[in-house]
Amino acid sequence: MHRILLLAAALALPLPSAAQVACGGDFGGFVQRMAAEARARGFDQSTVGSFFAGVRQDPAVIRADRAQGVFQLPFIDFSRRLISQNRLQNGARMAQRYDAVFDQIEQRYGVSRGVLLAFWAFETDFGQVQGDFNTVNALMTLAHDCRRPDLFRPQVFAALELYRQGALDPAQTQGAWAGEIGMVQMLPSEIIEKGVDADGDGRVDLKGSATDALFTGAAVLRSLGWRPNEPWLQEVTLPASFDWAQTGLDVQRSGGEWARLGVQPRWGSITNLPASVLLPQGRGGPAFLAYPNFNVLFEWNRSFVYVTTAAYFATRLEGAPVYAAGNPSPALSEGQMRQLQQKLAARGHDVGGIDGILGAMTRSAVQAEQRRLGLPADAWPTPELLQRL
């Protein structure tokens, strides 16, 4: 599960400004232009020549970039697919094996072990499946492709910097299809800016050192705004009289206010922090309180269903029970979801693209239309809403 799928922006490596190479066109010519820009950025001819010498366009990378169907699944289906008994058992084993490492991370960064274990599981199955795409080929292919060149072009030069430092081999280094490397799948610029040599061997090794990978993941989350030693997600129950229009990430109240409105925790106690009531599948499905740290996770991956699943899995790894699935209304099909997004866009809502995926922006638009039409405003689209629109 690659975190770059819906990432909004890369952490750009600070390098001298130079004319940006245009995407598209002949790939060989693109390689030559990128090499010229690298030299303009101060990399010597020998380093540039050996880095770009064997680069190849990889059609499999483009196919992977276009295949995002799993993100169209609703939360319950998606979470059941990703959270297996095997991952739960391995998570418990890894928590025990690296207990001292997690203690150090929690003391230094305030990032919970459950969160890191969840991402470690989803990204690479605890380091077992780190990807077999040549990293430089993947980054160059995506920089050449005109879908998101501004995301990947800086990563090519960051990979070149790693090569200059002796931390990447253009011919041998492999990872995810989108150029992430290591157990928690970091982009080259993140490795340069946030990589931590936590095991003290003199190098940042995110492929072979779980300690380095976990510390680096925590450092990245902390840099993205993680609030130390605070919760992120908590399953709750809601009273029958609850005002569904008060749900969603756009509405925040203190934990104490939610408790006074009848919100009750299924596990632990409600923390008196700003929080939102989250209904991934509407009023008939599970309910959660999302605290400020939940929003930070969207800087790791922009997929609503992925982030919600990872955040929930993190609570499970720390002892929370299985969520109460309830009986939500059936999800729209991909075609229906696209229809809905087109109708919402026609009414002036920004849904972030007609992609058949129920993301945060589509959910917000759905809730606004539900309120307008006098329907229960729980942000879960139904065939009735589609028909009414």
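Starting afresh in each chain, residues are numbered from 1 along the sequence in its written order. The predicted nature of this model means local features are confined to residues of pLDDT at least 70 and side-chain atom pairs, given and counted, to a pLDDT of 80 or more, with totals for whole chains, interfaces and linings taken over all residues. For the side-chain quantities, the full set of heavy atoms in the structure was used; hydrogens and water were omitted.

The next thing to look at is unusual backbone geometry. The phi angle at F126 is positive, at roughly 60°, despite the residue not being glycine. Where helices and strands are cited, they refer to DSSP runs of H or I of at least four residues and of E of at least two residues respectively, numbered from the N terminus. Residue position: F126 is located in the loop between helix 7 (113–124) and strand 1 (133–134). Residue F126 is classed as buried on the basis of its relative accessible area, which comes to 5%. With a phi close to 55°, Q185 is a non-glycine residue in the positive phi region. Within the element layout of this structure, Q185 appears in the loop between strand 2 (174–175) and helix 10 (188–194). Note on classification: 1.4 Å probe, protein chains only; a residue is buried when its accessible area is under 20% of the maximum for its type, exposed when over 50%, partly exposed between these limits.

What follows is about the pattern of salt bridges. Salt bridge, as used here: a side-chain nitrogen of Lys or Arg that lies within 4 Å of a carboxyl oxygen of Asp or Glu. In this structure the tally under the stated criterion is 21 salt bridges. The residue D145 makes a salt bridge to R66 at a minimum N-O spacing of 3.2 Å. Of this pair, D145 sits in the loop between helix 8 (135–144) and helix 9 (149–164) while R66 sits in helix 3 (residues 59–66), and the two are 79 residues apart along the sequence. Here R164 and E161 are joined by a salt bridge, their closest N and O atoms 2.6 Å apart. Residue R164 and its partner E161 are located together in helix 9, separated by three residues, close to a single helical turn. We classify R164 as partly exposed; its relative accessible area is 41%. By sharing partners, the salt bridges in this structure join D65, R66, D145, R147 and R148 into a single network.

Bringing the packing of helix 1 (residues 27–40) against helix 9 into the picture now. Packing of helix 1 against helix 9 leaves a shortest axis separation of 11 Å and a crossing angle of 60°. If you check the angle between helix 1 and helix 9, you find them oblique. Of the two possible hands of crossing, helix 1 and helix 9 adopt the one that is right-handed. Judged by residue contacts, M34, E37 and A38 of helix 1 engage R153, V156, F157 and L160 from helix 9. Following the grouping adopted for this structure description, the nonpolar residues are Ala, Val, Leu, Ile, Met, Phe, Trp, Tyr, Cys and Pro, the charged ones are Asp, Glu, Lys and Arg, and the polar ones are all others, Gly among them. Of the residues assigned to the contact of helix 1 with helix 9, the class counts are five nonpolar, no polar and two charged. Every axis corresponds to a line fitted to the C-alpha atoms, with the helix fit spanning only the stretch in contact, and the corresponding angles, defined between N-to-C directions, vary from 0 to 180 degrees. For classification purposes, angles smaller than 35 degrees are called roughly parallel, those larger than 145 roughly antiparallel, those between 65 and 115 roughly perpendicular, and all remaining angles oblique. Crossing handedness follows the turn of the near helix against the far one: under a right angle anticlockwise gives a left-handed crossing, and clockwise gives a right-handed one. Throughout, a residue-residue contact means that at least one pair of heavy atoms, one from each residue, lies within 4.5 Å.

What follows deals with the sheet that holds strand 7 (residues 287–290). Here, any two strands with at least 2 DSSP bridges between them count as paired. The five strands are arranged 4-6-7-3-5 in an open sheet whose pairing can be described as antiparallel. Of all strands in the sheet, those with a lone pairing partner are strand 4 (253–254) and strand 5 (264–265), marking the two edges. With three bridges connecting them, strand 6 (residues 274–278) and strand 7 associate as antiparallel partners. Counterpart to V277 in the pairing with strand 7 is L289.

This part takes up the state of the cysteines. Any two cysteine sulfur atoms lying within 2.5 Å of each other are counted as a disulfide. In total, this model carries one disulfide according to the counting rule given. Each disulfide pairs two cysteine sulfurs, and for C23 the partner residue is C146, the sulfurs being separated by 2.1 Å. Residues C23 and C146 are joined by a disulfide whose S-S torsion is about 110°; by sign, that bridge is right-handed. With C23 in the segment before helix 1 and C146 in the loop between helix 8 and helix 9, this pair connects stretches of sequence that are 123 residues apart. Classification of C23 by relative accessible area gives partly exposed; the value is 26%.

Now for the packing of aromatic side chains. Within 6.5 Å between ring centres, the rings of Phe, Tyr and Trp (the latter by its six-membered ring) count as paired, and their orientation is classed by plane angle as stacked under 30 degrees, edge-to-face over 60, tilted in between. Scanning the model with the defined rule gives 20 aromatic pairs in all. Both rings, one in F51 and one in Y163, keep their centres 5.9 Å apart while their planes meet at 40°; by these two values the pair is tilted. Taken together, the positions of F51 in helix 2 (residues 45–52) and Y163 in helix 9 put the pair 112 residues apart, joining distant regions of the chain. Geometrically, the ring pair formed by F75 and Y323 is tilted, given 5.3 Å between the ring centres and 40° between the ring planes. Taken together, the positions of F75 in helix 4 (residues 75–82) and Y323 in the loop between helix 14 (304–317) and helix 15 (334–346) put the pair 248 residues apart, joining distant regions of the chain. Accessibility expressed as a relative area gives 8% for Y323, which makes it buried. Aromatic ring contacts, followed pair by pair, group F119, F122, W300, Y306 and F313 into a single cluster. Over a ring means this: the NZ of a Lys or the CZ of an Arg is within 6 Å of the ring centre and within 35 degrees of the ring normal. In this structure, R41 is placed above the aromatic ring of F157, and the distance from its NZ or CZ to the ring centre is 4.1 Å. Positioned above the aromatic ring of W258, the side-chain terminus of R253 is 5.6 Å from the ring centre.

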